[in-house]
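# Fold and geometry: a report
One letter stands for each residue in the lines below.
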Amino acid sequence: MATDTTVRRWRRNPSLLAGAVILGLLVVVALVAPPLLSGSAETLTDDARLGPGAEHLLGTDAFGRDVLARALVATRLTLLMAAAATAASFVVGVAIGALVHLAPRWLRETCLRLIDSAVAFPSLVLALVIAAVLGPGTGSAIVAIAVAGVPGFARLTANLAATVADKDYVLTARLLGVPGPRILTRHVLPNISGPLLVLLSSSFTLSLLDISSLSFVGLGVQSPQYDWGRLLNEALPSIFAQPSVVLAPSIMLIVTGVGAMLLGDGVASLVDPRTRGTAPAATGAADAAGPATPAKESRAPQAPGGAGATAGTEPDGLLTVDGLTVRAGDRTLVDDVSFTIGAGRIVGLVGESGSGKSTIAMAVAGLLPEGVRANASRLALGDLDLLGTPPGRRLATEIGIVYQDPIGTFNPALRLGAQLTEVARTHLGTSRRQARRDMARALADIHVTEPERRLRQHPHELSGGMLQRASIASAMTTNPRLLIADEPTTALDVTVQAEVLRQFRRINREHGTAMLFISHDIGVVGVLCDTVLVLHGGRVVDRTTGRDLRRGTVTHPYTRALLAATPAAVEAGATLSAVRWTGDTTPAQPDGTPPDGMPLDGTPPDGTQPDRAPLDAMPLDGMPPDGTQPDRAPLDAMPLDGMPPDGTPPDRAPLDAMPLDGMPPDGTPPDKAPLDGMPLDGIPPHGTPPDDLSDTAADRPPAAEGSR
């Protein structure tokens, strides 16, 4: 089966096939020609300057040597010199371009500027200068061409590596404590191999021409050795009287260059897993949850602080963020943000794009980009100080991250099995076979069909929903104390989004995992989160609860403006007016209410304008104060999915009335109740935070046994 697949790949890649045939024939010539044709190519005879004929197809040179035989014999030395120079340029250039990203910022910038300066010189001119300094000879020609080719590889590698270094799977590898050189070899270089292979093939062609050029001007191969450039040099005096003497080496140069380019382009397509043939599709829909029977893994009950909790754990929360400030140069990205997340609690971050949500999450995880620094009075996960240099093993095992883009979460050059089991194998010491078995069970637990087959596939072979569930399983491999979900449902359709939210709620309640949930979807945040922080300009302008968001009973004008911009309000017929909030001087009060008299957009304190009703008197959808219209219900009576109560399809209930498992209220089985009424699997709810909006463990009902 594997052989058939390989044959099909080659047949579908004519460039690879043509290049392999051409270079294969040249390699055969290089191996066979010297022992068979050296006599006619190097023996002096009286048949000088003969034209093409039956005995000598391309004639003879001034010393009676066969021109075609000499060109064929010169193939070995020419190919060896070009291959040696190209290989040296490739290895040194790629190493410099990749390792420069591990250097300090000042050294990296210096190296990149030096590389740019070297690229400005034409490679042949630089090779001529080096060869002239080293002196004529085969070795000096190889060194000159190799050094001249290094800047091109270094610059391309550095540029490509910079684009890959910000991918989610590279950030995850950093969080897992993977050493820098291993990140380069495992995650960066495989994903830039395609362009590098194309450059390698073109560089081989250029090296071939440059080496021939050096030999042609007398700085390369010296007599009695000869390559194609040396043959052209010897034929130059008789080129007008006997043009056939330059025909053979010229054709060999052209054919070799074309073959190298075709082979490089074909190999670049072959090694890219995204262009390979996919595995045969399984029976049924690939992304359906299916009637899989997951193998439940028994888990021992844990103390409320998690496995890593100690006596020094703060009583007011598992994650403590106090006075977090993030700056990039002179610019403040996050300004004095404070909150806590207790075990088994979910805190949501909402706000416009650029308000600092993801920056806060990356600061907590220690994954801020270079040049961005975080300061805080306290930033700790239990007894783990996140401001210092926490042990890599603890960071990898106690913090899980689910990113927004499920496709960018995984390395496209590696199969899923190697990526999903990396944490268990590296930090928990689990054997490869056992780690794969555990991951297969974890994938089955979150309703991924054919988990064993999925582990053998590449990320591009799975749908976005399947990849997002796999990323959740990967994040939960070590049973982390904190799970950071950075807009994990933005790119998913409604059906898959509901499935992902079910998994989050199940993980939160079964394992007592603290969660930091980031989303633009206020409806999702209102259903899932206990406490919600509303951000604007890097500051917390409001603190509210998920229940208040669902009911639309929030009081802060900026939060109400965000609610008014939700699709449910707009689709219901509201007029979305521009609202500008300027909270530069007065932050939100501790109870989440806005400061007295704070106007919106320069309006009078009573909130009125000649053409606008007061904000407190107008519902968020822009309807009359009583909130009714003949064909439309008010926002408070409308579920978050925007469907009117009387228009609910028979098989689908509104989001407020439908639990995350999708069962209608009247069809709830005895052991499962809707989200707002009863928690999943019989675990008592955490309840709604008290009126002071505290999310501390002391102010809420205790979690059930078995949760942190």
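All of these numbers come straight from a predicted model, not from anything done at the bench.

### Comments concerning the overall build of the protein chain
Helices and strands together make up the secondary structure of the protein chain, namely 24 helices and 11 strands. Taking all 708 residues of the protein chain together, the buried fraction comes to 47%. Within the protein chain, counting contacts between residues at least 6 apart in sequence, those at least 24 apart form 69% of the total.

### A short note on the environment of Asp322
Mapped onto the elements of the fold, Asp322 is located in strand β1 (residues 319–328). As for Asp322 and Leu379, which are separated by 57 residues in sequence, their C-alpha atoms are 6.3 Å apart. Among the polar contacts listed, one links the side chain of Asp322 to the side chain of Ser338, at a separation of 3.3 Å.

### Side note on the confidence of the model for the protein chain
Taken as a whole, the protein chain shows an average pLDDT of 74; of its residues, 70% reach a score of 70 or greater. Considering each helix and strand of the protein chain separately, the mean pLDDT is smallest for helix α24 (residues 567–571), with a value of 52, and largest for strand β10 (residues 531–536), with 93. The low-confidence segment residues 584–665, where pLDDT is below 50, has 130 contacts with residues more than four positions distant or belonging to other chains.

### As for unusual backbone geometry
Pro224 follows Ser223 through a cis peptide bond whose omega is 15 degrees. The backbone of Glu487 shows a phi angle near 50 degrees, a positive value even though the residue is not glycine. Along the polypeptide, Glu487 turns up in the loop between β8 (482–486) and α20 (494–511). Classification of Glu487 as buried rests on a relative accessible area of 6%.

### Observations regarding the sheet that holds β10
Strand order in the open sheet formed by six strands is β7-β8-β9-β3-β10-β11, with mixed pairing between adjacent strands. Edge strands, defined here as strands with exactly one partner in the open sheet, are β7 (399–402) and β11 (539–545). Across the sheet, the mean angle from the axis of one strand to that of its neighbour is 20 degrees, orientation sign disregarded. Here four bridges tie strand β3 (residues 346–351) to strand β9 (residues 514–518), and the two strands are oriented parallel to one another. Looking at the pairing, Ile346 lines up with Met515 of β9. Those strands touched by α20 are β3, β7, β8 and β9, and its axis lies near 155 degrees from that of β9. Contacting β3, β10 and β11, helix α23 (residues 557–564) crosses the sheet at an angle of about 95 degrees to β10.

### Some details on the packing of aromatic side chains
The description of an aromatic ring pair rests on the distance of the ring centres and on the angle between the ring planes. Taken as a whole and assessed by the stated rule, the structure comprises two aromatic pairs. Ring centres of Phe90 and Phe153 lie 5.5 Å apart, and the angle between their planes is 90 degrees; on these two criteria the pair is classed as edge-to-face. Remark: Phe153 occurs in helix α6 (residues 138–164) and Phe90 occurs in helix α3 (residues 67–99); sequence separation between them is 63 residues. Under the relative-accessibility criterion, Phe90 is labelled partly exposed at 23%. Accessibility expressed as a relative area gives 1% for Phe153, which makes it buried. Aromatic side chains Phe504 and Phe517 sit 6.0 Å apart centroid to centroid with 75 degrees between the ring planes, which places their arrangement in the edge-to-face category.

### Regarding a nonpolar patch on the surface
A contiguous nonpolar surface patch, about 510 Å² in accessible area, is contributed by Val125, Val129, Val133, Leu134, Val143 and Val147. At the level of elements, α5 (123–134) and α6 are the ones that each hand at least two residues to the nonpolar patch. The element that contributes the greatest number of residues to the nonpolar patch is α5, accounting for four residues. Tracing the sequence through the fold places Val147 in helix α6. Classification of Val147 as partly exposed rests on a relative accessible area of 40%.

### Concerning the pairing of β10
Across the six residues that make up β10, a large majority, five, are buried. Inspection of the sheet shows β3 paired to β10 by five bridges, in the parallel sense. Across the sheet, the residue bridging to Leu349 is Leu533, located in β10.

Rules used throughout
- Residues numbered from 1 in each chain as written.
- Predicted model: local features only at pLDDT ≥ 70, side-chain atom pairs only at ≥ 80, totals over all residues.
- Heavy atoms only, no water.
- Helix = DSSP H or I, 4+ residues; strand = E, 2+ residues; numbered from the N terminus.
- Buried < 20%, exposed > 50% of the residue type's maximum accessible area, 1.4 Å probe, protein only.
- Contact = heavy atoms within 4.5 Å.
- Polar contact = N/O pair within 3.5 Å; in protein donor to acceptor, adjacent residues only side chain to side chain.
- pLDDT = per-residue confidence, 0-100.
- Pairing = 2+ DSSP bridges.
- Axes fitted to C-alpha atoms, helices over the stretch in contact; angles between N-to-C directions.
- Phe/Tyr/Trp six-rings, centres within 6.5 Å; stacked < 30°, edge-to-face > 60°.
- Patch = residues over 30% accessible without salt bridge, like charges linked within 9 Å, V, L, I, M, F, W, Y side chains within 5 Å.
- Areas by Shrake-Rupley, 256 points an atom, 1.4 Å probe, with all protein chains shown as cover.
- Salt bridge = Lys/Arg side-chain N within 4 Å of Asp/Glu carboxyl O.

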